[in-house]
Amino acid sequence: MTGEKNLTEITHFILLGFSDFPRLTAVLFSLFLVIYITTLTWNLGLIFLIRMDSHLHTPMYFFLSNLSFIDICYVTSTVPKMLSHFFQEQKTITFVGCIVQYFIFSTMGLSESCLMTAMAYDRYAAICNPLIYSAVMSPTLCVQMVLGAYASGLSGAVVQLCAILQLCFCGPNVINHFFCDMPQLLILSCSNTFFIQVLTAILSLIYGIVNVVVIMISYCYIIISIMKISAKGRSKAFNTCASHLTAVSLFYASSIFVYFSSSSGSSSKVDRFASVFYTMIIPMLNPLIYSLRNQEIKDAVKRFLKKRGYS
């Protein structure tokens, strides 16, 4: 009975966000708003371009359009709430809202990790087996791989959700962060968190290390194959793979830094700004990373503008 009483005592959490920078409130709000709008514009624009241009109806761009969709959901799970808190005295989020926010955030993050592995396999098939690439990466397989990435992300998030719902929150309800994240929730719990910490470590092993290892193995084969082709083909292959490797490196490096540094549950200023990097900056940069040196994207933009009479 006591446990039930304690469980219902916490009905909301207080997200401190960046309230310890009162003089920078307007600057940070404007900056994060611009980043959010830019992220939505670039990712929606890329999805639209891939959808409208038949030349981009290939496995690589199918995966890329899904990556943009995930990034939109990923950034939207945290940023609108954070922006709304900048000019509110009561920076609260309900217990249910906090759990839902983390569930969506976790689902999208884990799905992106799996999707990046699928994209690495696509590059492996394209470069190491070019003659049978179309047969290997059939539309059916591409859809199955994307659905598999979403299902894997959802499964991991559901497991974490079930574990969080077993916790009791009966003490402090102040989260020194701008969104509900696992380390901060664990430190506020009155329950023994050993099981969920072990569970988190196992999920990190499965979704993090396993995916990274698969990506690294894929690129080892890719590099071996690239060294055997002509200089012109080698340059094109390197450009294609460099974008994916850059995105993967940024995603995992920032995530690892934040989760190792905040494993105690505290959230320093450095941790929060590092979290901004992987929750906001990376989703904004991904469309640029995949487009800047991509001639096919540039040609598609030119064709679109020509159809609209702009050139």
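Refer to the preceding data block for the structure.
These figures come from a predicted structure and were not determined experimentally.

### Looking at the state of the cysteines
Here's step 1: Here the structure, examined in full by the defined rule, presents two disulfides.
Here's step 2: Each sulfur of the disulfide joining C98 and C180 lies 2.0 Å from the other. Looking along the S-S bond of the C98-C180 disulfide, the torsion reads about -130°, which is the left-handed sense. Residue C98 is located in helix α5 (residues 95-128), and its partner C180 is located in the loop between β3 (174-175) and α8 (182-188); the two are separated by 82 residues in the primary sequence.

### Thoughts on the packing of helix α2 (residues 25-52) against helix α3 (residues 59-76)
Here's step 1: Remark: α2 packs on α3, axes separated minimally by 9 Å, with the N-to-C direction vectors making an angle of 155°. In terms of axis orientation, α2 runs roughly antiparallel to α3. Considering the relative orientation of α2 and α3, their crossing is left-handed. Mapping the contact onto sequence places Y36, T39, L40, N43, L44, L46, I47 and I50 in α2 and Y61, L64, S65, S68, F69, D71, I72, V75 and T76 in α3.

### What to know about helix α7 (residues 139-164)
Here's step 1: Between the first and last C-alpha of α7 there are 38 Å, a value that for 26 residues agrees with the 38 Å anticipated at 1.5 Å per step.
Here's step 2: Every buried residue belonging to α7 is among C142, M145, V146, A149, G153, G156, A157, Q160, A163 and I164, and all of these are buried.
Here's step 3: Of the surrounding secondary structure, the elements contacted by the buried residues of α7 are α3, α5, α8 and α9 (194-226).

### Let's talk about the environment of V143
Here's step 1: Examined against the element boundaries, V143 turns out to sit in helix α7.
Here's step 2: Judged by its relative accessible area of 39%, V143 is partly exposed.

About the cut-offs
Residues numbered from 1 in each chain as written. Predicted model: local features only at pLDDT ≥ 70, side-chain atom pairs only at ≥ 80, totals over all residues. Heavy atoms only, no water. Disulfide = S-S within 2.5 Å. Helix = DSSP H or I, 4+ residues; strand = E, 2+ residues; numbered from the N terminus. Axes fitted to C-alpha atoms, helices over the stretch in contact; angles between N-to-C directions. Parallel < 35°, antiparallel > 145°, perpendicular 65-115°, else oblique. Left-handed = near helix turned anticlockwise from the far one by under 90°. Contact = heavy atoms within 4.5 Å. Expected span 1.5 Å × (residues − 1). Buried < 20%, exposed > 50% of the residue type's maximum accessible area, 1.4 Å probe, protein only.

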